Amino acid sequence: MTSSSPKPNSYRTLPDTDGHFGNYGGRFVAETLMPLILELEQAYKDAKNDPEFQKELDYYLKYYVGRPSPLYFAERMTAELGGAKVYFKRDELNHTGAHKINNCIGQILLAMRMGKTRIIAETGAGQHGVATATVCARFGLPCTVYMGAKDIERQSPNVFRMKLLGAEVKPVESGSRSLKDAMNEALRDWVTNVEDTFYIIGTAAGPHPYPELVRDFQCVIGNEAKEQIMEAEGRLPDLLVAAIGGGSNAIGLFHPFLDDKDVEITGVEAAGHGVHTGKHAASLTAGAPGVLHGNRTYLLMDDDGQITEADSISAGLDYPGIGPEHSWLKDIGRVNYVAITDKEALAAFKLCSECEGIIPALEPSHALAHVIKIAPTMSKDKIIIVNLCGRGDKDIFTVAEALGVKL
Amino acid sequence: MSDAIIGGKDRIEKRFAKLKEEGRAGLVTFITAGDPDPEASFEILKALPEAGADIIELGMPFTDPMADGPAIQEASNRALAAGMHMRKTLSLVRGFRDQDHETPIILMGYYNPIYIYGVAEFLEDARNAGVDGLIVVDLPPEEDEELCVPTVEKGLSFIRLTTPTSDDKRLPKLVQNTSGFVYYVSVAGVTGAGSASNEQIIEAMERLRRHTKLPIAVGFGIKTAAQAAEVARQADAAVVGSAIVSKIAESLDENGKATDKTASMVTGLVRELANGVRDARK
Ligand SMILES: Cc1ncc(COP(=O)(O)O)c(C=O)c1O
């Protein structure tokens, strides 16, 4: 969780008591869920102030997840790009292979504190589903994961992993058959099972208090990175870069640095086939504010307010919305948001594999693609930290297909 | 604009006063605007009062109806595929209102299409079209400033959903800023799921009546005339949605298009439900 306390005029004091980040966030949910969300808010407040909860969280992050994750100087990539020094925050080394488990450990400990006995989750790439199934196995709670039918096809290794971990994977055939529809279905499950069920949302979105609590659980990334870069370089970085689906790995890295005004911050959305083609997932770059899944935020939609389908080679970025804090950070200009195409991400995937011996997930490959563009334009004494938030094992079939290789 | 046409909470209040006079509960019917296509939907809408609907809930189609079960999700999809959008929904109401000055119409749906239309413009257009009230599923009292308060100021009803999770602590907040009637969602779940037992409904009615004098309509899971009658013995109105919408689905041809049976199959069911409701307290 956040270590140093926020300063006056801080960017780190939100949300307000109603869950707003400026104009964004809020609690746009069916009345059936309101008492549950209020109960969760209270339980989270109590947990945050309970040293025992912190201790437990730290214990599992260290011994089960394997934290802290290293901050690694990507020497060959730096040489290849010929500009700024590039560091990887290696959250792909976490147990289960992505940052998602940081949040899942936090939420399942909270669920047990609240006496909940059944866990549900939505998943896109399957990384959050796997992380949720993992913590459910570890703590002995039944787990149901909703996953779009389209994602089940393109992330089959993760589907099998969830099943091995004892979770029930429910394919979602409605709508665009991907992440947003999985979230709809998880919300439908939750309104039906209000007594015993805890919904572990996988990204920093949804109704208040989810954007806040997911962020707080992911801030371990940025807090560690801050300490590690001080140790390695004796100063803060010049630029942070992270990929954005719903925005949890990004806000986890960014948040502890928001008040360090000399640190530039860039979030990378998925441009799919290109923002101009309309087939993309770049809600901040090409969307507008609207209300979906419990919060007001930038969305992809038509002029009637109907949500349109997102498109990205990366299932984890294939979402027509974004966490509300990012919408606010965009509007106030503290964070800069760019978009990277499928093609650029694939090139970055290959380069990272070949010159660093690290096969990244397609999601952070988007962040790497931006680094590939920007590092050569920066001088050699500049420092970039990029969040390598997931490993690419789950993506080898998708990448093989995109490269025209038959496995 | 003639006063006979513009929408307002008065029309809802008058309707409940009339029901009280007749000593019976009302039947509230739900269809999705534009399902299965705008023309067929208009035919169905026009035929509802004659078939026995006392109040009409008209769904505003949305791509992501998070609180709806499969039947109403599919109705929304059919309408959107047939080119339905908010302006057409309002002109559907306007067409209805030209002929029927008495049956209240309540638009029901999700906030985003209204937000994108623009709240002030939407309320103005809705009122002028003859819309009397709104039910917006994803706007709890915590978000009243968004739409509820402006709706009430415009003279329309903002009807609240109360649920099995609405306890004595929560209810005072729920009956604030509301008018017309209070909707009791009798089961925790999505539309079209299971139904509540009679005892559960009686208990909920007692709880609700401790907090409000407004009429109470009960819905979720009512499929048959017998179920509607049972609810009508306790509540001021019974709401039927998924069963009617499923009837529309059943009436379509193999290409999903309306047939000459579509309107009559719907009115047939509504007639049965209305008889159930009307005979309930005899
Ligand atoms: C490795 C990885 N990175 C990023 C994401 C995107 O989510 P977020 O933006 O919340 O970090 C996912 C989602 O599945 C993921 O698996």
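Preceding this section is the structure that the text describes.
Report follows, based on the coordinates. (Residues numbered from 1 in each chain as written. Chains lettered and ligands numbered in written order. Predicted model: local features only at pLDDT ≥ 70, side-chain atom pairs only at ≥ 80, totals over all residues. Heavy atoms only, no water.)

1. Brief notes about empty space enclosed by the protein
- This model, assessed by the stated rule, comprises seven cavities of 30 Å³ or more.
- The computed volume of the largest cavity comes to approximately 390 Å³.
- Looking at the largest cavity, it is lined by 36 residues, and the ones nearest its centre are Asp 68, Ile 72, Met 108, Thr 191 and Phe 220 of chain B.
- Every element with two or more residues in the lining of the largest cavity is listed here: β1 (26-32), β2 (55-59), α3 (70-81), β3 (105-109), β7 (182-185), β9 (237-240) and α11 (242-251) of chain B.
- Of the volumes computed, that of the second largest cavity is approximately 320 Å³.
- Taken together, the elements giving at least two residues each to the lining of the second largest cavity come down to β5 (118-123), α5 (127-139), α8 (179-192) and α10 (248-254) of chain A.
- Residues that form the lining of the second largest cavity fall into these classes: nine nonpolar, 15 polar and four charged.
- If you count residues domain by domain, the lining of the second largest cavity takes at least three from each of domain 1 (33-62 + 100-210) and domain 2 (68-97 + 219-402) of chain A. (1 Å grid on protein atoms, 1.4 Å probe; cavity = no way out; pocket = protein on both sides within 12 Å on 5 of 7 lines; lining within 4 Å. Points joined across faces, edges and corners; volume = space filled by probe spheres on them. Helix = DSSP H or I, 4+ residues; strand = E, 2+ residues; numbered from the N terminus. Nonpolar A, V, L, I, M, F, W, Y, C, P; charged D, E, K, R; others polar. Domains from an automatic or database assignment.)

2. Focus on the site of the ligand
All names here are of chain A.
- Every one of the 16 residues lining the ligand counts as a neighbour, but Thr 203, Gly 245, Gly 247, Ser 248 and Asn 249 are closest to it.
- Gly 247 places a polar main-chain atom, nitrogen or oxygen, 2.7 Å from an oxygen atom of the ligand.
- In isolation the ligand offers 390 Å² of accessible surface; the protein chains occlude 97% of this area.
- Taken atom by atom, the bulk of the ligand overlaps the second largest cavity.
- Of the residues belonging to the shell around the ligand, the class tally is four nonpolar, ten polar and two charged.
- Looking at which domains feed residues into the shell around the ligand, each of domain 1 (33-62 + 100-210) and domain 2 (68-97 + 219-402) gives three or more. (Near = heavy atom within 4 Å. Polar contact = N/O pair within 3.5 Å; in protein donor to acceptor, adjacent residues only side chain to side chain. Areas by Shrake-Rupley, 256 points an atom, 1.4 Å probe, with all protein chains shown as cover. Sits in = over half its atoms within 2 Å of the grid points.)

3. Some words on the interface of chain B and chain A
- Facing 35 residues of chain B, the contacting portion of chain A comprises 36 residues.
- With both sides pooled, the region where chain B packs onto chain A buries about 2700 Å², and carbon together with sulfur makes up 53% of that total.
- It is Asp 64, Met 66 and Thr 165 of chain B that lose the most area in chain B upon contact with chain A, and together they represent 20% of the buried surface on that side.
- In this structure, the connection of chain B to chain A is made through three salt bridges. (Contact = heavy atoms within 4.5 Å. Buried area = accessible area lost by both parts, 1.4 Å probe. Salt bridge = Lys/Arg side-chain N within 4 Å of Asp/Glu carboxyl O.)

4. Brief notes about a nonpolar patch on the surface
- On the surface, a cluster of nonpolar side chains totalling about 480 Å² of accessible area is made up of Ile 396, Phe 397, Leu 403, Val 405 and Leu 407 of chain A.
- Of the residues examined, Leu 407 of chain A reaches a relative accessible area of 69% and is grouped as exposed. (Patch = residues over 30% accessible without salt bridge, like charges linked within 9 Å, V, L, I, M, F, W, Y side chains within 5 Å. Buried < 20%, exposed > 50% of the residue type's maximum accessible area, 1.4 Å probe, protein only.)

5. Structural notes on the pairing of β7 of chain B
Residue and element names in this part refer to chain B.
- Neither face of β7 is open: one carries Val 182 and Tyr 184, the other Tyr 183 and Val 185, and all of them are buried.
- Here strand β6 (residues 161-162) pairs with β7 via two bridges, running parallel. By the bridge assignment, Leu 161 is partnered in β7 with Tyr 183.
- One ladder, built from four bridges, connects β7 with strand β8 (residues 216-219); its direction is parallel. Note that in β8 the partner of Val 185 across the bridge is Gly 219.
- Between the parallel elements β7 and β8, the chain passes through helix α9 (residues 198-209) in a crossover that is right-handed. (Pairing = 2+ DSSP bridges. Right-handed = clockwise from strand over helix to strand, strands pointing away.)

Purely spatial values, then, with no claim about function.
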